[in-house]
Amino acid sequence: MTPAGPIANVRWRPWRIPLRDPLATGAGELTAREGLVVRIETAAGAIGLGESAPLPAERLSVGALAARVAEVGQALVGRSSTDAWPLSPGRRLPGADVGIETALADLLAGLCGVPLANWLADQAGLAPPLPAPIPANALLGADSPDALAREARAALDCGFSTVKVKVGRDVAADGERLRAVRAALGPDPELRIDANGAWSEQEAVEALAVHAVHDVALCEQPVPPGPDASASLARVRAVSPVPIAADESCASLSDLRALFDADAVDAVVIKPLRTGLAEALAMIGDATARNVSCILTTTFDTGIGTALATHLAALLPHPRPACGLATLPMLAGDVVRGCPAPDRGALALPDVPGLGVQLKDDALDRFATGPWEGVSA
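These numbers were taken from a predicted model, which means no experiment stands behind them.

Peer 1: Help me understand the overall build of the protein, please; the structure alone is not making it clear to me.
Peer 2: Of regular secondary structure, the protein possesses 13 helices and 15 strands. At 20 Å, the protein has a C-alpha radius of gyration in line with the 21 Å of a compact globule built from 377 residues. Along the first, second and third principal axes, the C-alpha atoms of the protein reach 60 × 45 × 40 Å. Counting only residues that meet the buried cut, the protein has 56% of its 377 residues in that class. For the protein, the proportion of contacts with a sequence separation of at least 24, taken over those separated by at least 6, is 72%. Averaging the coordinates of the 31 positive side-chain charges in the protein and doing the same for the 44 negative ones gives two points 3 Å apart.

Right, here's the structure in full:
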């Protein structure tokens, strides 16, 4: 490992990137993503990149995330980078601490000269990743059945064998939309639905019975997250003809274990920018030990967050499920180069040290909403 020296500075810069087309989500219509690029540099000049972004459902501001990054960064400057991982346990701010974690891990993996996935596997005692590409699902965002069918056919043409459709507003209308998608897909591709917690338990049971006719492979988050979500998901799963996954109800290792203890899910969705990097790594290890399928998913991240989720997905055992790693093209641009892109419905990790991405200064200047700020030793 190349000597790192102490951490000299932690810097961040805010950005806002529009979506190419608005997308309906459980938290309302999403028209843009905003967040922070986080950069850690050592006294020897080694650099790591991370991303912090407020989650739509959390209603946090970029300013709140920046204040948290400054707080954590101030505690890191002057310390050895090798001693700084993992971050000290304690209070966490969803969407904020992950930027520091990712930049630190990118830095350390780069100093070791190995891809981040390999470095993370060593840290967690997991098997090193196999070189096979990681399958991705296509997210279909159109509203009308005809437009959804066109998107489904386009996804097939691009090589995707799994698609996901948002549901939860009206069972009959959603049924027409799913019928159109299944007709466009044919019988073999996998069709998933995501309700984003829109249904009550009874509504979920009724809707899933209706939608099962379209050969739905998985429903993400049929009921709202909350203190009783594990029990609620377990009751729905017990009678559902469609397998159940937790998404918003799976934000931490303790959430994951509660779901497993309640026998509530067939799969879990892990979003690293929500859970944090170290927590996501622990969740993958726990789910793998229990033979429960993990789906790694972005939150409409830039290439930094997308690369992070892809490296984590590379740690999943075979056969890997299709993961939500194909959302970057839905943004109107990116701030880095080098992020893996879907090719025939799958992503291949580049065999380079660290995350494998580099800042595009001109692109960051274009999307930035403020100057670089930072803390130094």
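Having seen it, we continue.
Peer 1: Honestly, the side chain of arginine 13 in this entry has me stumped. Any pointers?
Peer 2: Mapped onto the elements of the fold, arginine 13 is located in strand S1 (residues 7–25). Separated by 2.9 Å, the side chain of arginine 13 and the backbone oxygen of glycine 370 make a polar contact. With near-sequence residues (within four places) excluded, arginine 13 lies in contact with Gly35, Leu36, Val37, Leu364, Asp365, Ala368, Gly370, Pro371 and Trp372.

Peer 1: Would you take a moment to explain the environment of alanine 124 for this structure?
Peer 2: Structurally, alanine 124 is set in helix H4 (residues 116–124). For alanine 124, a relative accessible area of 35% puts it in the partly exposed group. In this structure the C-alpha to C-alpha distance between alanine 124 and glycine 285, which are 161 residues apart in sequence, comes to 7.5 Å.

Peer 1: Looking at this model, I keep getting lost on the state of the cysteines. Mind explaining?
Peer 2: Each disulfide is one covalent bond, formed between the sulfur atoms of two cysteines. One pass over the structure, following the stated rule, counts zero disulfides. Of all cysteine sulfurs, the one in cysteine 339 lies closest to cysteine 158, which takes part in no disulfide; the gap is 17 Å. We classify cysteine 158 as partly exposed; its relative accessible area is 45%.

Peer 1: Can you help me understand the packing of aromatic side chains in this one?
Peer 2: Where two aromatic rings form a pair, the distance of their centres and the angle of their planes describe that pair. With the rule as written, the count across this model stands at one aromatic pair. Note on tryptophan 85 and tryptophan 119: the rings are 5.3 Å apart at their centroids and 65 degrees apart in plane angle, and the pair reads as edge-to-face. You can see tryptophan 85 sitting in the loop between helix H2 (81–84) and helix H3 (97–112) and its partner tryptophan 119 sitting in helix H4, a full 34 residues away along the chain. Among the residues examined, tryptophan 119 registers a relative accessible area of 7% and is labelled buried.

Peer 1: For this particular structure, what's the right way to read the pattern of salt bridges?
Peer 2: When their charged atoms lie close together, side chains carrying opposite charge are able to pair. Summed over the entire model, instances satisfying the criterion amount to 21 salt bridges. The shortest N-O distance in the salt bridge between lysine 271 and aspartate 247 comes to 3.1 Å. Note that lysine 271 is positioned in the loop between strand S10 (267–270) and helix H10 (272–275) and aspartate 247 in the loop between strand S9 (244–246) and helix H9 (253–261), a separation of 24 residues in sequence. Judged by relative accessible area, which is 1%, aspartate 247 ranks as buried. Its salt-bridge partner being aspartate 286, residue arginine 257 comes within 3.4 Å of it at the nearest N-O pair. Of this pair, arginine 257 sits in helix H9 while aspartate 286 is found in helix H11 (residues 277–289), placing the two residues 29 residues apart along the sequence. Overall, the relative accessible area of 38% leaves arginine 257 in the partly exposed class. The buried category is assigned to aspartate 286, whose relative accessible area is 14%. Among the charged side chains, a network of salt bridges with common partners joins Arg68, Glu71, Arg92, Asp97 and Glu101.

Peer 1: What exactly am I supposed to notice about the sheet that holds strand S11 (residues 293–296) here?
Peer 2: For sheets, the rule is that strands pair by backbone hydrogen bonds, running either parallel or antiparallel. The strand order across the open sheet built from seven strands is S5-S6-S7-S8-S9-S10-S11, with neighbouring strands paired in parallel fashion. Each edge of the open sheet is held by one strand with a lone partner, namely strand S5 (138–140) and S11. The average undirected angle you get between the axes of adjacent strands in this sheet is 30 degrees. Sheet analysis places S10 next to S11, joined by four bridges and oriented parallel. When the bridges of S11 are listed, isoleucine 270 appears paired with leucine 296.

Peer 1: Explain the environment of arginine 182 to me, please; I cannot follow it from the model alone.
Peer 2: Here arginine 182 is to be found in helix H6 (residues 171–185). For arginine 182 and valine 216, which are 34 residues apart along the polypeptide, the C-alpha to C-alpha distance reads 9.1 Å. Separated by 3.0 Å, the side chain of arginine 182 and the backbone oxygen of aspartate 215 make a polar contact.

Peer 1: How should I be thinking about the packing of helix H5 (residues 145–157) against H6 in this particular structure?
Peer 2: Packed helices, taken two at a time, are described by the angle between their axes plus the distance between the axes. In contact at an axis separation of 8 Å, H5 and H6 are set at 30 degrees when each is read in the N-to-C sense. When the interaxial angle is binned, H5 and H6 end up roughly parallel. Here H5 and H6 pass one another in a crossing that is right-handed. When H5 is examined against H6, the residues Pro145, Leu148, Ala149, Ala152, Arg153 and Leu156 are found in contact with a partner set consisting of Glu176, Arg177, Ala180, Val181, Ala184 and Leu185. Broken down by class, the residue content of the contact of H5 with H6 amounts to nine nonpolar, no polar and three charged.

Quick notes on the rules
Residues numbered from 1 in each chain as written. Predicted model: local features only at pLDDT ≥ 70, side-chain atom pairs only at ≥ 80, totals over all residues. Heavy atoms only, no water. Helix = DSSP H or I, 4+ residues; strand = E, 2+ residues; numbered from the N terminus. Rg over C-alpha atoms; globule rule 2.2 N^0.38 Å. Buried < 20%, exposed > 50% of the residue type's maximum accessible area, 1.4 Å probe, protein only. Contact = heavy atoms within 4.5 Å. Lys, Arg positive; Asp, Glu negative; His and termini not counted. Charge placed at Lys NZ, Arg CZ, Asp CG, Glu CD. Polar contact = N/O pair within 3.5 Å; in protein donor to acceptor, adjacent residues only side chain to side chain. Disulfide = S-S within 2.5 Å. Phe/Tyr/Trp six-rings, centres within 6.5 Å; stacked < 30°, edge-to-face > 60°. Salt bridge = Lys/Arg side-chain N within 4 Å of Asp/Glu carboxyl O. Pairing = 2+ DSSP bridges. Axes fitted to C-alpha atoms, helices over the stretch in contact; angles between N-to-C directions. Parallel < 35°, antiparallel > 145°, perpendicular 65-115°, else oblique. Left-handed = near helix turned anticlockwise from the far one by under 90°. Nonpolar A, V, L, I, M, F, W, Y, C, P; charged D, E, K, R; others polar.

So, to be careful, I would describe these as geometric facts and stop short of saying anything about function.
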